[in-house]
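Breakdown of the fold
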Amino acid sequence: DAMVIQNPRYQVTQFGKPVTLSCSQTLNHNVMYWYQQKSSQAPKLLFHYYDKDFNNEADTPDNFQSRRPNTSFCFLDIRSPGLGDAAMYLCATSLVNNEQFFGPGTRLTVL
Amino acid sequence: ILNVEQSPQSLHVQEGDSTNFTCSFPSSNFYALHWYRWETAKSPEALFVMTLNGDEKKKGRISATLNTKEGYSYLYIKGSQPEDSATYLCALKTSYDKVIFGPGTSLSVIP
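Below, the structure is looked at part by part. Worth saying up front: this structure is predicted, and the values here are computed from it rather than measured. (Residues numbered from 1 in each chain as written. Chains lettered and ligands numbered in written order. Predicted model: local features only at pLDDT ≥ 70, side-chain atom pairs only at ≥ 80, totals over all residues. Heavy atoms only, no water.)

**Describing the overall build of chain B**
Helices and strands together make up the secondary structure of chain B, namely zero helices and 11 strands. Along chain B, from the amino end to the carboxyl end, the secondary structure elements read β-β-β-β-β-β-β-β-β-β-β. Whereas a compact globule of 111 residues would reach a radius of gyration of roughly 13 Å, chain B reaches 13 Å, a difference of no more than 12%. In terms of overall dimensions, chain B has C-alpha extents of about 45 × 25 × 20 Å along its principal axes. Evaluated residue by residue, chain B yields a buried proportion of 49% over its 111 residues. (Helix = DSSP H or I, 4+ residues; strand = E, 2+ residues; numbered from the N terminus. Rg over C-alpha atoms; globule rule 2.2 N^0.38 Å. Buried < 20%, exposed > 50% of the residue type's maximum accessible area, 1.4 Å probe, protein only.)

This is the structure in structure tokens:
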């Protein structure tokens, strides 16, 4: 089945230790999104790609970076995780202006 | 700052009851409204994409309406079943391509 896959499902890192979360898709969608969701809050868009065009939200901290080496893969790099970065990270894909298809998320714990 | 609100925050209903909840959004810069259903331990799943004022969409026992002039959308569930228990998220897509999620309504259907 075509799908959006996120790895790992659970990630534990230490304060300040870089971490990379990955997202892959078999839907061949041209748009990919990364969201951060903290308990009981709305998912917050960090950035998205239209094909290779990167669109950063104005309030996304510089600590968060992203790479999209090809249509299928997108990575979220957190350069120096702080305690406040502990959250669920959701990847989603879509065709332009269509509904988004979400992966299962990666829950990040920062010790 | 654009804000999407949902009410109520949580809802408990008996099996068989019908229920509805609200998504409120700023009507300026509206492009589309999406509804998603998010079951625990699963990925958010798209329910509806609504673009036109007065839109009504239906999928089984779930339906939604849209009023872009006054900035709200209603989601209705007829004859709630335990498997409807989930968090229901709405997301506003603006004309300048920003995606803003509401905090969700958590629905519990009691058998």
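**Examining the state of the cysteines**
Following the criterion strictly, the structure yields two disulfides over all chains and no others. The residue that forms a disulfide with Cys23 of chain A is Cys91 of chain A, at a sulfur-sulfur distance of 1.9 Å. The sign of the -70° torsion about the S-S bond sets the Cys23 of chain A-Cys91 of chain A disulfide as left-handed. Of this pair, Cys23 of chain A sits in strand S3 (residues 19-25) while Cys91 of chain A sits in strand S9 (residues 87-94), and the two are 68 residues apart along the sequence. What makes Cys23 of chain A buried here is its relative accessible area of 0%. Paired by a disulfide, Cys23 of chain B and Cys90 of chain B hold their sulfur atoms 2.0 Å apart. Taking the torsion about the S-S bond as the criterion, the Cys23 of chain B to Cys90 of chain B disulfide, at about 80°, is right-handed. (Disulfide = S-S within 2.5 Å.)

**Concerning the pairing of strand S1 (residues 4-7) of chain A**
Residues and elements named next belong to chain A. On S1, burial follows the alternation: Val4 and Gln6 on one face are buried, whereas Ile5 and Asn7 on the facing-out side are not. Examined bridge by bridge, S1 and S3 share four bridges and lie antiparallel to one another. The residue bridging Asn7 from the neighbouring strand is Ser22, located in S3. (Pairing = 2+ DSSP bridges.)

**A closer look at the nonpolar core**
Counting residues in hydrophobic clusters, the biggest one holds 24 residues, and the most contacted among them are Trp35, Leu75 and Tyr88 of chain B. At the level of secondary structure, the elements contributing two or more residues to this core comprise strand S2 (10-14), strand S3 (19-24), strand S4 (30-38), strand S5 (45-50), strand S7 (62-67), strand S8 (72-77), strand S9 (86-94) and strand S11 (105-110) of chain B. The biggest single contributor to this core is S9 of chain B, with four residues. In this structure Leu75 of chain B touches Thr19, Asn20, Phe21, Trp35, Leu47, Phe48, Ile62, Ser63, Ala64 and Tyr88 of chain B, once residues within four positions along its chain are discounted. In terms of nonpolar packing, the next biggest core, distinct from the first, is built from 18 residues, Val19, Leu21, Tyr49 and Leu76 of chain A among them. (Core = buried A, V, L, I, M, F, W, Y, C linked by side-chain atoms within 4.5 Å. Contact = heavy atoms within 4.5 Å.)

**Digging into the sheet that holds strand S8 (residues 73-78) of chain A**
All names here are of chain A. Read across the open sheet, the four strands follow the order S1-S3-S8-S7; overall the sheet is antiparallel. Across the chains shown, the open sheet's two edge strands, defined by having one partner strand only, are S1 and strand S7 (64-67). The sheet shows a mean angle of 20° between the axes of neighbouring strands, taken without regard to direction. (Axes fitted to C-alpha atoms, helices over the stretch in contact; angles between N-to-C directions.)

**Let's talk about the side chain of His29 of chain A**
Residues and elements named next belong to chain A. Topologically, His29 is positioned in the loop between S3 and strand S4 (31-37). With relative accessibility at 8%, the residue His29 sits in the buried group. Polar contacts involving the side chain of His29 include one to the side chain of Thr93, which spans 2.8 Å. Here Ser94 takes part through its backbone nitrogen, which lies 3.4 Å from a polar atom of the side chain of His29. In this structure, His29 is in contact with Arg68, Thr71, Thr93, Ser94, Leu95 and Phe101, ignoring residues within four places of it in sequence. (Polar contact = N/O pair within 3.5 Å; in protein donor to acceptor, adjacent residues only side chain to side chain.)

**Describing the environment of Leu66 of chain B**
All names here are of chain B. Structurally, Leu66 is set in strand S7. On the accessibility criterion, Leu66 (5% relative accessible area) is buried. Excluding its chain neighbours within four sequence positions, the residues that come into contact with Leu66 are Phe25, Phe30, Leu33, Met50, Thr51, Leu52, Asn53, Gly54, Asp55, Tyr72 and Ser73.

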